[in-house]
Structure formats: C-alpha cells, structure tokens
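# Structure at a glance
Single-letter residue listing:
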Amino acid sequence: MAARFPGGVRLLDLAGTAPDTTAPDTTAPHTTAPDTTAPVTTGTDDADTRRRVEAAMAAGPSGRSLVLVDHAEPVLDVVAEVLDEALTRERHGPPTARPAVLAVSREPLGVTGERLSWLSPLPVRPGNPGARPAAAVLLADRLARVVPEQHLDEERWGVVEQVAAALDGLPLALELAAARARSYTLEEILVQVRADAASLAPVGRGPHRPRHSLHEAVDAGVRLLDPRCRALHAVLAVVSGPFPAELAAALLDAPRGEVAQLLGQLVHCSLLSVLRSGDGARDSSFVQLTAVRAHAARALDPAVAAQARARRDAWLADPRAAHGTHTDARPRSEGRA
C-alpha cells in the first residue's frame, strides 16, 4: 500500500453531513405519503462539503495518494461533481500525481471511470461439504470475543448458523447480535432477531464497537428517499419472501410503470435485492433483506399494514394475477423477518 500510494491515505468521512433532526422521521406512523417534496436538511452546506472534498483531492508533494470516501450519500451530488471535476483534471497530469478514490456508498457515485464492486452479505450456506458458512464463522468469532468461555458443540453450532441465516449474513447485524451474548443465550438471541432484527444496537463503549444500530444504518438510506419510495419500502414489509413487481404494484395500489421505477430506485440505493433463477430468467423478483424488512415494518402504520395484507392476499388468490408468481411470496409467520 505504501509503495503504491507514497502520498499516503486520506480519509474523507462525511458523516457530519448526515441529515439532522429536521429530516423526515421514516418510522413515524402515516397512512399516506407526505405532501412535501422538500429536500432533506443536512448538517453542513454544499460549499463546505465542496471545500472538504477539494482539500482531500489536492495533490501532495510526495506522490500519488489514496482518498477513502465514506458516508457520502446525503451529499452525493456535490461529492460526485467535485470528484468528477478533480479526476478529469488529473487525467491530464502525470500518472504518479493522480489520486485514487475508494468510495463506500449505498449507491454508485456516477463519476467518469467509476468501477463498481458490490459488497454482498456473507454466505449463510456452506460453500463446500463439511465447511461452515462464512456468516456463521464470523458470528462465532465475535461470540468468542464476548464470551470466550463458551464452547460451541455441534448443537450450538446449529443455533449459530440459524442466527446467521436469520440475519442474512449481514456483518453489522452479526456483530450486534454477538454483543448480546453476555446477557442472553444463543437460543434467546435467535428468537429476538427473528422477532425484530431492527432492535439490534451497540452495547457498551469503545473505539471498536459499531457506531450505529441496525435500524439507524437502514434509516440513514431510507431518509434520503422520496415519499413514494418510502411508502413502497414500508408496504413491502408484509411480504416475507421474494416477490414480483406485479405484487408490489398491488400492495401500493399504483400503476405498474410507476412501481417499476420505484423498485429500480430501491435497488439502486441498496434497499432491495434482485433475485433471478438463472441467466435465462425472463422476469426478476425482489426481496427485502431481514434488516431492511424490519425497518419497513416499524415504518408501516397498523391501518396501512392491514390494508396491504388484504391486497397481498387478494392478489395471491386471483389466478390471473398470480400467474407466474413465486410461491415464496406467500406470507410466512407475521413476526418473522
């Protein structure tokens, strides 16, 4: 790393630009989408963000540097504009002076020359016979740090794997679940995450503990959505498995064309996953990960939830509407994520 970037590594953490308390509360009960489309208020203005990005991108005397960009979502347009300008300008200079940029974001920046690497959850199924799933291995490692005296026999390994699967292999969720091991048994943790994964939050203090709860991590992205996207995000909580776009349109009671656009936006913002049965699949299906669905369930007003369940059941019972649907879209137990 030092040889490739003699100019050093610079961290541009834009967490200070996250929406403040004047932003919409995405988990407040509501029956209709808000009338306002006003932009979310942020903690700093665009000019300050621009200055911070330009300072991080400034060429240093020691050679090429690496700029790490984090928490850019609330001010993504400004960040992308400045980075695009800087990178375009630096392309005309010597290669050794060009800074490299590594950005961690829920959505692409859209700058010229951007290369995307999607970070998927850890596998919850073993890759090879006899091997442990990577998600379960991470959870076991974190459990050992919290309760080092705990021994995992085959039976307890089975519970560890169930917890990892219930959390879809999300590393943050696994870290937060392991933190509860000092207070609860593995079996109790499994019940808790199945009932409400969004309740997982940091325990204690220290520089290495996660900074956000699972709910807060999802909410940071949901707060940036427009009202219609937030409404669709919430009603999707009544479906516990993969679903086609037609079912989403029925839940929102909206035209398929509009819902197709909204689904695309949720996928773009990493708040919805796409599933395909194979390379030759004609139709896409979608699914909310456990953490996202738990957030959506909290955001959904009980009256709207009842209406959405009725629309879901009516759609699934209609042979014409249900043609070609995924059986996994049928509701499992309501308390499970």
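Residues numbered from 1 in each chain as written. Predicted model: local features only at pLDDT ≥ 70, side-chain atom pairs only at ≥ 80, totals over all residues. Heavy atoms only, no water.

### Let's talk about the overall build of the chain
Secondary structure assignment for the chain yields 12 helices and five strands. For the chain, with 337 residues in total, the buried portion stands at 39%. When contacts within the chain are restricted to residue pairs at least 6 apart in sequence, long-range pairs at least 24 apart make up 72% of them. (Helix = DSSP H or I, 4+ residues; strand = E, 2+ residues; numbered from the N terminus. Buried < 20%, exposed > 50% of the residue type's maximum accessible area, 1.4 Å probe, protein only. Contact = heavy atoms within 4.5 Å.)

### Some details on the side chain of Arg312
Mapped onto the secondary structure, Arg312 falls in helix H12 (residues 302–317). Of the polar contacts made by the side chain of Arg312, one reaches the side chain of Asp313; its length is 3.0 Å. (Polar contact = N/O pair within 3.5 Å; in protein donor to acceptor, adjacent residues only side chain to side chain.)

### Concerning the nonpolar core
Ranked by internal contacts, the top residues of the largest apolar core, which has 67 residues, are Leu167, Leu232 and Phe243. Of the residues forming this core, the biggest block, seven residues, is contributed by helix H3 (residues 134–146). Formed by 19 residues, the second largest nonpolar core is a distinct cluster that contains Val67, Val75, Val82 and Leu87. (Core = buried A, V, L, I, M, F, W, Y, C linked by side-chain atoms within 4.5 Å.)

### Let's talk about empty space enclosed by the protein
A full pass over the atoms with the stated rule returns one cavity of 30 Å³ or more. In this structure, the largest cavity occupies an estimated 30 Å³ of space. In terms of residue class, the lining of the largest cavity is made up of two nonpolar, one polar and three charged. (1 Å grid on protein atoms, 1.4 Å probe; cavity = no way out; pocket = protein on both sides within 12 Å on 5 of 7 lines; lining within 4 Å. Points joined across faces, edges and corners; volume = space filled by probe spheres on them. Nonpolar A, V, L, I, M, F, W, Y, C, P; charged D, E, K, R; others polar.)

### Section: the packing of aromatic side chains
Taken as a whole and assessed by the stated rule, the structure comprises one aromatic pair. Positioned above the aromatic ring of Trp157, the side-chain terminus of Arg132 is 4.4 Å from the ring centre. (Phe/Tyr/Trp six-rings, centres within 6.5 Å; stacked < 30°, edge-to-face > 60°. Lys NZ or Arg CZ within 6 Å of the ring centre and 35° of its normal.)

### Considerations on the packing of helix H8 (residues 227–235) against helix H9 (residues 245–252)
Angle between the axes and distance between the axes: these two values describe a pair of packed helices. At a minimum axis distance of 10 Å, the contact between H8 and H9 shows a crossing angle of 105°. Between H8 and H9, the angle falls in the class roughly perpendicular. For the pair H8 and H9, the contacting residues are Arg228, Ala231, Leu232 and Val235 in the first and Ala248, Leu251 and Leu252 in the second. Its residues assigned to classes, the contact of H8 with H9 comprises six nonpolar, no polar and one charged. (Axes fitted to C-alpha atoms, helices over the stretch in contact; angles between N-to-C directions. Parallel < 35°, antiparallel > 145°, perpendicular 65-115°, else oblique.)

### What about the sheet that holds strand E3 (residues 100–104)?
The strand order across the open sheet formed by three strands is E1-E2-E3, and the pairing between neighbours is parallel. For this open sheet the edge positions go to strand E1 (9–13) and E3, each flanked by a neighbour on one side alone. The average angle at which neighbouring strand axes cross in this sheet is 20°, direction not considered. Direction of pairing for E1 relative to strand E2 (residues 66–70): parallel, over a ladder of five bridges. (Pairing = 2+ DSSP bridges.)

### Considering the packing of helix H7 (residues 214–222) against helix H11 (residues 290–299)
In the contact formed by H7 and H11, the axes pass within 9 Å of each other and the chain directions differ by 75°. When the axes of H7 and H11 are compared, the pair comes out roughly perpendicular. Between H7, through Leu214, His215, Val218, Asp219 and Val222, and H11, the contact on the second element is made entirely by Ala291, Val292, His295 and Arg298. Grouping the amino acids of the contact of H7 with H11 by side-chain chemistry returns five nonpolar, two polar and two charged.

### As for the environment of Ala181
Looking at the secondary structure, you find Ala181 in the loop between helix H5 (171–178) and helix H6 (186–196). Relative accessible area serves as the criterion here: at 11%, Ala181 is assigned to the buried category. Along the primary structure Ala181 and Leu143 are separated by 38 residues, whereas in three dimensions their C-alpha atoms are 6.7 Å apart. Look past the residues within four positions of Ala181 in its chain and what remains in contact with it is Leu143, Val146, Val147 and Ile189.

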